[in-house]
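# Inside the fold
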Amino acid sequence: MTLFRSKAERKLVERGLDPTRLPPGQYLTEKWPVLHAGTVPATDLSTWDVRVFGAVERELTLNWEELKRLPSRDVTVDIHCVTRWSRFDTSFTGVHWSELARLVRPKPEARYVIAHAEQGFTSNLPLEALEADDALIAYAADGQPLTPEHGWPLRLMVPSRYFWKSAKWLRGLELRSNDQPGFWERYGYHNDADYRKEQRYGF
Ligand SMILES: Nc1nc2c(c(=O)[nH]1)N[C@H]1C(S)=C(S)[C@@H](COP(=O)(O)O)O[C@H]1N2
Ligand SMILES: [Mo]
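This section reports on the structure supplied with the text. All values derive from a computational prediction rather than experimental measurement.

Each value, and the rule that gives it
- Residues numbered from 1 in each chain as written.
- Chains lettered and ligands numbered in written order.
- Predicted model: local features only at pLDDT ≥ 70, side-chain atom pairs only at ≥ 80, totals over all residues.
- Heavy atoms only, no water.
- Salt bridge = Lys/Arg side-chain N within 4 Å of Asp/Glu carboxyl O.
- Buried < 20%, exposed > 50% of the residue type's maximum accessible area, 1.4 Å probe, protein only.
- Near = heavy atom within 4 Å.
- Polar contact = N/O pair within 3.5 Å; in protein donor to acceptor, adjacent residues only side chain to side chain.
- 1 Å grid on protein atoms, 1.4 Å probe; cavity = no way out; pocket = protein on both sides within 12 Å on 5 of 7 lines; lining within 4 Å.
- Sits in = over half its atoms within 2 Å of the grid points.
- Nonpolar A, V, L, I, M, F, W, Y, C, P; charged D, E, K, R; others polar.
- Phe/Tyr/Trp six-rings, centres within 6.5 Å; stacked < 30°, edge-to-face > 60°.
- Lys NZ or Arg CZ within 6 Å of the ring centre and 35° of its normal.

### What about the pattern of salt bridges?
- On inspection of all chains with the given rule, the structure shows 15 salt bridges.
- Notably, a salt bridge pairs K197 with D194, separated by 4.0 Å at the nearest N-O pair.
- For K197, a relative accessible area of 59% gives the class exposed.
- Via salt bridges that share partners, R21, D78 and D89 belong to a single interconnected network.

### Let's talk about the site of ligand 1
- Taken together, 19 residues are adjacent to ligand 1, and P33, A37, H150, R155 and K168 come closest.
- A37 places a polar main-chain atom, nitrogen or oxygen, 2.8 Å from an oxygen atom of ligand 1.
- When atoms are counted within 2 Å of each cavity's grid points, the one that captures over half of ligand 1 is the largest pocket.
- Residue classes in the shell around ligand 1 are distributed as 14 nonpolar, 3 polar and 2 charged.

### Considering the packing of aromatic side chains
- Counted according to the given criterion, the structure contains 12 aromatic pairs.
- With 5.8 Å between their ring centres and 15° between their planes, Y162 and W164 make a pair best called stacked.
- Taking the relative accessible area as the measure of exposure, Y162 reaches 0% and is therefore buried.
- For the ring pair F183 and W184, a centre distance of 5.0 Å and an interplane angle of 90° mean the geometry is edge-to-face.
- With relative accessibility at 22%, the residue F183 sits in the partly exposed group.
- Residue W184 is classed as partly exposed on the basis of its relative accessible area, which comes to 24%.
- An aromatic cluster is defined as three or more aromatic residues linked by ring pairs; in this entry it consists of F121, Y162, W164, F183, W184, Y187, Y189, Y195 and Y201.
- Its guanidinium or amino end placed over the ring of F88, R21 lies 4.2 Å from that ring's centre, counting from NZ or CZ.
- The lysine or arginine in question, R51, covers the ring of F53, its NZ or CZ lying 3.9 Å from the ring centre.

In structure tokens, the structure reads:
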């Protein structure tokens, strides 16, 4: 008889998936749930822009065409929400941070980044999390433009953390020398949000 740590793990094995791929306390979902505070913002691409600012040599504002002209890449990752769903093999298309870093030239003291989204939503990360090969400033998922609910036109996608760090409706990236808690972090969620360590809550 084979023993499983949980029902969630058994489901993976039954599908021929490696059960260790599921982080502790998570279950696998095939759907892609939608989760956010507030409403889905209306975006007009003709006036939309995204800004990179703060501890950089040269601040940058890109409109939609300028952003789409930057080199893009595809990555396929597993995403993990703190509310315990995980979705495997979601593919994203977008711009890697290194393309923006090349243009703004972060100052040596830049160690943290605050993602600024529509309606005042923010999330905070160490800059290394954005520098990772599998992180992306994404405008498409599973081969299609992001849907409005999933962050169209642009979202952050940082697969090394719980998914709340991946701000939807992204409008700015602020580089800083010091950290500052974002929206969910101020509500008691863990500052680091490493799902391998189950860093769900900050207390
Ligand atoms: N702007 C914004 N981005 C956000 C959130 C939010 O409330 N506002 N919620 C986060 C949370 S808690 C999760 S789990 C993911 C969900 O992304 P999805 O709706 O595409 O699954 O978005 C994150 N990004
Ligand atoms: Mo979440």
